[in-house]
Amino acid sequence: MVDGSERRRLRGDDRGQLILVGAVVIAIALVGVVVVLNSVLYTENVANREPISSTRDARDAHTLVREDIGSLVRRVDYEERYDSPNAVRTAVNASVAEYGTLIGLRLSRRAPASLNLTVVDETVGTGIEQDSGGNFTNATDASNWTVARNADVRRFVATVNRSSLSTDANASFAVTTTDGSANWTLSLSRNGSDVVVRTSGSSSPTASCNVTADRLRIDFRNGTVSGCSFTFADGVGDGYDVTYRNGANASGNYSILLNGTDATIPSESVWTDSDASPYRTYVVYDVSVRLTYATPELTYRTLLRTVLYEP
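Calculation criteria
- Residues numbered from 1 in each chain as written.
- Predicted model: local features only at pLDDT ≥ 70, side-chain atom pairs only at ≥ 80, totals over all residues.
- Heavy atoms only, no water.
- Phe/Tyr/Trp six-rings, centres within 6.5 Å; stacked < 30°, edge-to-face > 60°.
- Helix = DSSP H or I, 4+ residues; strand = E, 2+ residues; numbered from the N terminus.
- Buried < 20%, exposed > 50% of the residue type's maximum accessible area, 1.4 Å probe, protein only.
- Pairing = 2+ DSSP bridges.
- Axes fitted to C-alpha atoms, helices over the stretch in contact; angles between N-to-C directions.

**Some thoughts on the packing of aromatic side chains**
Part 1 of the reasoning: All told, the structure shown has twelve aromatic pairs when counted by the stated rule.
Part 2 of the reasoning: Relative to Tyr254, the ring of Phe136 has its centre 4.9 Å away and its plane inclined at 80°; by these criteria the two rings are edge-to-face. You can see Phe136 sitting in the loop between strand S1 (114-130) and strand S2 (145-151) and its partner Tyr254 sitting in strand S12 (residues 252-258), a full 118 residues away along the chain.
Part 3 of the reasoning: With relative accessibility at 1%, the residue Phe136 sits in the buried group.
Part 4 of the reasoning: On the basis of relative accessible area, Tyr254 is assigned to the buried category, the value being 2%.
Part 5 of the reasoning: Ring centres of Phe232 and Tyr240 lie 6.4 Å apart, and the angle between their planes is 75°; this geometry places the pair in the edge-to-face category.
Part 6 of the reasoning: On the basis of relative accessible area, Phe232 is assigned to the buried category, the value being 10%.
Part 7 of the reasoning: Here the aromatic residues Phe156, Trp184, Phe220, Phe230, Phe232 and Tyr240 are joined through ring pairs into a cluster of three or more.

**Some details on the sheet that holds strand S11 (residues 240-245)**
Part 1 of the reasoning: Strand order across the open sheet formed by six strands is S2-S11-S4-S5-S6-S7, with antiparallel pairing between neighbours. At either end of the open sheet lies a strand with only one pairing partner, and these are S2 and strand S7 (204-211). When strand polarity is set aside, the average angle formed by the axes of neighbouring strands in this sheet is 10°.
Part 2 of the reasoning: In this sheet, S7 lies alongside strand S6 (residues 194-201) in antiparallel orientation, the contact comprising six bridges. Bridge pairing links Arg198 to Ser208 in S7.

As structure tokens, then:
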């Protein structure tokens, strides 16, 4: 028979066990709540992070292509001689598409994504190139000749060897632009170790400066030559003729790009059936590219326009 003190001890033990079981149940419940909350927060963070990451990748792709496309087109323009506007367009389109494929493969290593580049518009200009380092004569070896008629120069750079220039100012090599009423001329002659750079025109006063260099790099369109500055075709309207005078008294290389393809290049000015120079080619100087970047969460499209050799 259990006495009163024993019954009280047993009831106390029961209450202790109940409290312990209750504490364990509450602890398990709290752990479950924490796990559920952590799962919810993790899911929300991942769900929010993926679109942000995709947007960042699309922005990075946009920036990369915008920075590279000009250099890519410029390299294609001058890596070979193109006999027609269609030939240079085909070359540019293929190179842009290949570049897009390579960039897309690189991006896909970081995340499931695709990138596509398509040329939707481009402007082709006429180029005249001399890269032989010879005299500035034409294909018939004429010293005084017309480079182009009805022209609008977009880019015109030349390197001239000082030793090839005449010491006689009256026999100096000269580049002239004229629209039939106004004209402008830049001439180069040698005076000891200096080169005399002289400009004159019907609407501008004569100016000259001396330059000391073995090889002069002249940027006609931007009006610079080894620290000497000038204004190209000052006072001459659009659609002018470009001529060389005393081309035998200068040697080096030059590269000319004309707006569009309307200018007339006299047949005797350039070589056509030979690898000799000067020769005519075609150049893309304005291109618009559609960029499409796609992931499972995002599709991004934009149009990028790049202008080479600003007028």
